[in-house]
Amino acid sequence: SLLALDPENYLWIDPAAEKFSEETCFDVPPFQAIASPDLVYREGGKVVVLDWKTGRKSEDDPIQLAAAGVWARRRWKLPESAIQLELVYLASGETEETAFDAERAARAEETIRRDMAEMAAFLRDPGRNIPLDEESFPRHHSHGFCRRCEFQQICFGETAETYD
């Protein structure tokens, strides 16, 4: 139980509340990635990287947690075998524990590289994070899709509910 854990064993408690800092960055050449697990602590000779999930399970959850494992490995200069990964789904109470190993780390790094390269393809100047021109981003015309989109005001100047 976390309540019984000596506070000296806490290595990281997510202070950022979705904000990122230099502490959350790590290199996955040629890119820099960000990870900020909810909690990292020492227990029983292992460093546990824990991420609480408030929604349903997603197929992306394990790879996101493995990326946090890569971050923890680099931050505290640990071998993979010293890291335990743990997902806790708060709604269901289900917990998934996974050992961190070189294969899991390599898959996470490859996913980061692939995803970052895909995102960089939408930048005119990746070094300065300048996007391509607006014409390079065609609008989607599905009302169902638009209803869930975070960029409704950019496309329509209003939210999706008003144009149904």
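This text gives an overview of the structure that appears in the document. Given the structure is predicted, the values throughout are model-derived calculations rather than measurements. (Residues numbered from 1 in each chain as written. Predicted model: local features only at pLDDT ≥ 70, side-chain atom pairs only at ≥ 80, totals over all residues. Heavy atoms only, no water.)

Below, the discussion takes up the overall build of the chain. Scanning the chain from N- to C-terminus turns up four helices and nine strands. A compact globule built from 164 residues would reach a C-alpha radius of gyration of about 15 Å, whereas the chain, at 19 Å, exceeds it by more than 25%. Its C-alpha atoms put the chain at 55 × 35 × 25 Å along the principal axes. Per-residue burial for the chain yields a buried fraction of 29% across its 164 residues. For the chain, long-range pairs separated by at least 24 residues make up 52% of all intrachain contacts whose partners lie at least 6 apart in sequence. Entry remark: accessible area of the chain is about 10900 Å², with carbon and sulfur atoms responsible for 52%. Taken together, the 19 basic and 32 acidic charged side chains of the chain have centroids lying 3 Å from each other. (Helix = DSSP H or I, 4+ residues; strand = E, 2+ residues; numbered from the N terminus. Rg over C-alpha atoms; globule rule 2.2 N^0.38 Å. Buried < 20%, exposed > 50% of the residue type's maximum accessible area, 1.4 Å probe, protein only. Contact = heavy atoms within 4.5 Å. Areas by Shrake-Rupley, 256 points an atom, 1.4 Å probe, with all protein chains shown as cover. Lys, Arg positive; Asp, Glu negative; His and termini not counted. Charge placed at Lys NZ, Arg CZ, Asp CG, Glu CD.)

Under the criterion given, the structure shown has 11 salt bridges. Here E80 ties to R73 by a salt bridge, and the two come within 2.7 Å at their closest N and O atoms. Where E109 meets R73, a salt bridge forms, and the shortest distance between an N and an O atom there is 2.9 Å. With E109 in helix α2 (residues 102-120) and R73 in helix α1 (residues 61-75), this residue pair connects regions lying 36 residues apart in the sequence. Overlapping salt bridges, with partners in common, bring together R73, R74, E80 and E109 in one network. (Salt bridge = Lys/Arg side-chain N within 4 Å of Asp/Glu carboxyl O.)

Time to look at the nonpolar core. Ranked by internal contacts, the top residues of the largest apolar core, which has 25 residues, are F26, V49, W71, I83 and L85. Secondary structure elements with two or more residues in this core: β2 (25-28), β5 (46-53), α1, β6 (83-89) and α2. Of all the elements, α1 adds the most residues to this core, at seven residues. With residues up to four places along the chain from it excluded, the contact list for I83 reads K46, V47, V49, G69, A72, R73, L78, A99 and F100. Counting six residues, the second-largest nonpolar core is a separate cluster that includes L5, Y41, L50 and V88. (Core = buried A, V, L, I, M, F, W, Y, C linked by side-chain atoms within 4.5 Å.)

Here we take up the pairing of β6. Burial of β6 is extensive: seven of the seven residues sit out of reach of the surface. Where burial is concerned, the two faces of β6 agree: the one with I83, L85, L87 and Y89 and the one with Q84, E86 and V88 are both buried. Bridge count between β5 and β6: seven bridges; the pairing is parallel. Paired with L50 across the bridge in β6 is E86. Between β5 and its parallel partner β6, the chain crosses via α1, and the hand of that crossover is right-handed. Pairing analysis gives six bridges linking β6 to strand β7 (residues 94-99), with the strands arranged antiparallel. The partner of L85 across the bridge, within β7, is T98. (Pairing = 2+ DSSP bridges. Right-handed = clockwise from strand over helix to strand, strands pointing away.)

A few words now on the sheet that holds strand β1 (residues 10-13). Reading across the sheet, the five strands line up as β1-β4-β5-β6-β7 and stay open at both edges, with mixed pairing between neighbours. The two strands at the open ends of the sheet, each matched to only one other strand, are β1 and β7. Taken pair by pair, the neighbouring strands of this sheet meet at an average axis angle of 20°, ignoring direction. With five bridges connecting them, strand β4 (residues 39-43) and β5 associate as antiparallel partners. Looking across to β5, one finds that V40 is bridged to V49. Across the sheet, α1 lies against β1, β4, β5 and β6, angled at about 140° from β6, the strand it touches most. (Axes fitted to C-alpha atoms, helices over the stretch in contact; angles between N-to-C directions.)

With respect to the helices and strands, the residue T24 is situated in the loop between β1 and β2. In this view, T24 contacts W12, A33, I34, A35, S36 and W71; residues no more than four positions away in its chain are not counted.

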